[in-house]
Amino acid sequence: MKFYNVPYSGNSYKVRLLLAQVGIACDIVEIDILQGESRTPEFLKINPNGRTPVLDDNGFVLAESNAILAYLARGTKFLPEDRQRWALVFQWLFFEQYSHEPYIATSRFWLQHKPDSPERSAVLAARRDGGCAALKVMEGHLSKNDFFVTDYSIADIALFAYTHVSHEGGFPLDDFPKIRAWIERVKTQPGFIPMM
Ligand SMILES: N[C@@H](CCC(=O)N[C@@H](CS)C(=O)NCC(=O)O)C(=O)O
């Protein structure tokens, strides 16, 4: 397998974490998105959407981090077979992509990679309420559950990736004790690897 990776990206980290936990070896191809390497004609042949991560499993090419998680986790304990639990995992994967990542991950990107400017301030302000709302939903769920769907699964992996560094996007977790406790639980899972 070949994995097109960005080291500081949570979307790439999700996949590296699952690969480590299922024990699958992979050739890593580093992509420097800041130098436009995800938009070259060569890369656009791999993913016409111009984004990382991408997995190449012996010629089967798959983009979208959470689709890659689902592909790699199938048949493992990280994706339950029970129909309702399976669907709940996907509920949280879609939540992560629609209600969490567009606010928290993109704020982190702007804070880490773009200079301070009126445009940056406006972007961060526009993402604030959405990011806080996502964290409140997570806090509520984790006040009654140890993990997102019964046992540790790719739902936790997907949400962990940007939540554990949410302070880097301007979303400190001081008011979210249940999320902080869940982060510590995730870190104790066998095969856990840190982001960087
Ligand atoms: N929904 C996609 C988002 C992918 C994404 O936004 N990737 C960013 C890095 S985290 C990227 O490759 N950006 C480069 C670009 O847009 O040119 C996923 O989950 O994989």
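Here is what the cut-offs are and how they apply
- Residues numbered from 1 in each chain as written.
- Predicted model: local features only at pLDDT ≥ 70, side-chain atom pairs only at ≥ 80, totals over all residues.
- Pairing = 2+ DSSP bridges.
- Helix = DSSP H or I, 4+ residues; strand = E, 2+ residues; numbered from the N terminus.
- Axes fitted to C-alpha atoms, helices over the stretch in contact; angles between N-to-C directions.
- Buried ≥ 20, exposed ≤ 12 C-beta atoms within 10 Å, placed from the backbone.
- Parallel < 35°, antiparallel > 145°, perpendicular 65-115°, else oblique.
- Left-handed = near helix turned anticlockwise from the far one by under 90°.
- Contact = placed C-beta atoms within 7 Å.
- Core = buried A, V, L, I, M, F, W, Y, C linked by C-beta atoms within 7 Å.
- Domains from an automatic or database assignment.

A.B. asks: Give me the pairing of strand β3 (residues 54-57): which residues, what numbers.
C.D. replies: In terms of strand pairing, strand β1 (residues 2-5) meets β3 through three bridges, oriented antiparallel. Bridge pairing links Lys 2 to Asp 56 in β3. Across four bridges, the pairing between β3 and strand β4 (residues 60-63) is antiparallel. Bridge pairing in β4 places Asp 56 opposite Val 61. Taken together, β3 and the strand that follows it, β4, pair antiparallel across an intervening segment of two residues, in which Asn 58 is found at a positive phi of about 55 degrees.

A.B. asks: Describe the sheet that holds strand β2 (residues 27-30), with residues and values.
C.D. replies: The four strands are arranged β2-β1-β3-β4 in an open sheet whose pairing can be described as mixed. Across the chains shown, the open sheet's two edge strands, defined by having one partner strand only, are β2 and β4. Here the average twist between neighbouring strands, direction ignored, is 20 degrees. Inspection of the sheet shows β1 paired to β2 by four bridges, in the parallel sense. If you follow Lys 2 over to β2, its bridge partner there is Asp 27.

A.B. asks: Break down unusual backbone geometry for me, with residues and values.
C.D. replies: Cis peptide bonds are those with omega within 30 degrees of zero, and the linkage from Thr 52 to Pro 53 qualifies with 0 degrees. With respect to the helices, strands and loops of the structure, Pro 53 is situated in the loop between α2 (41-46) and β3. The backbone of Thr 150 sits at a positive phi, close to 60 degrees, despite the residue not being glycine. Looking at the secondary structure, you find Thr 150 in the loop between α5 (118-142) and α6 (154-163). According to the C-beta neighbour criterion, Thr 150 is partly exposed, with 14 such atoms within 10 Å.

A.B. asks: Explain the packing of α6 against helix α7 (residues 177-187) to me, and be specific about the residues and the numbers.
C.D. replies: Running from N to C, α6 and α7 point in directions that differ by 115 degrees, and their axes come no closer than 11 Å. Of the possible angle classes, the one that applies to α6 and α7 is roughly perpendicular. Considering how the two elements wind past one another, α6 and α7 form a crossing that is left-handed. Across the interface between the two elements, Asp 156, Phe 160 and Thr 163 from α6 touch Ile 179, Ile 183 and Val 186 from α7.

A.B. asks: Can you break down the nonpolar core residue by residue, with the values?
C.D. replies: Counting residues in hydrophobic clusters, the biggest one holds 40 residues, and the most contacted among them are Leu 18, Leu 69, Trp 92, Ile 154, Ala 155, Ile 157 and Ala 158. For this core, the elements supplying multiple residues, two or more each, are β1, α1 (10-22), β3, α3 (65-73), α4 (83-113), α5, α6 and α7. Here the element with the most residues in this core is α6; it accounts for eight residues. Looking at which domains feed residues into this core, each of domain 1 (2-73) and domain 2 (83-187) supplies at least three. Contacts of Leu 18, omitting those with residues within four sequence positions, involve Leu 69, Leu 72, Ala 73, Phe 78, Ile 154 and Ile 157.

A.B. asks: Requested: an account of the environment of Val 89, with residues and values cited.
C.D. replies: Among the structural elements, Val 89 can be located in helix α4. Judged by C-beta crowding, with 26 C-beta atoms within 10 Å, Val 89 ranks as buried. For the pair Val 89 and Val 149, spaced 60 residues apart in sequence, the C-alpha to C-alpha distance is 6.3 Å.

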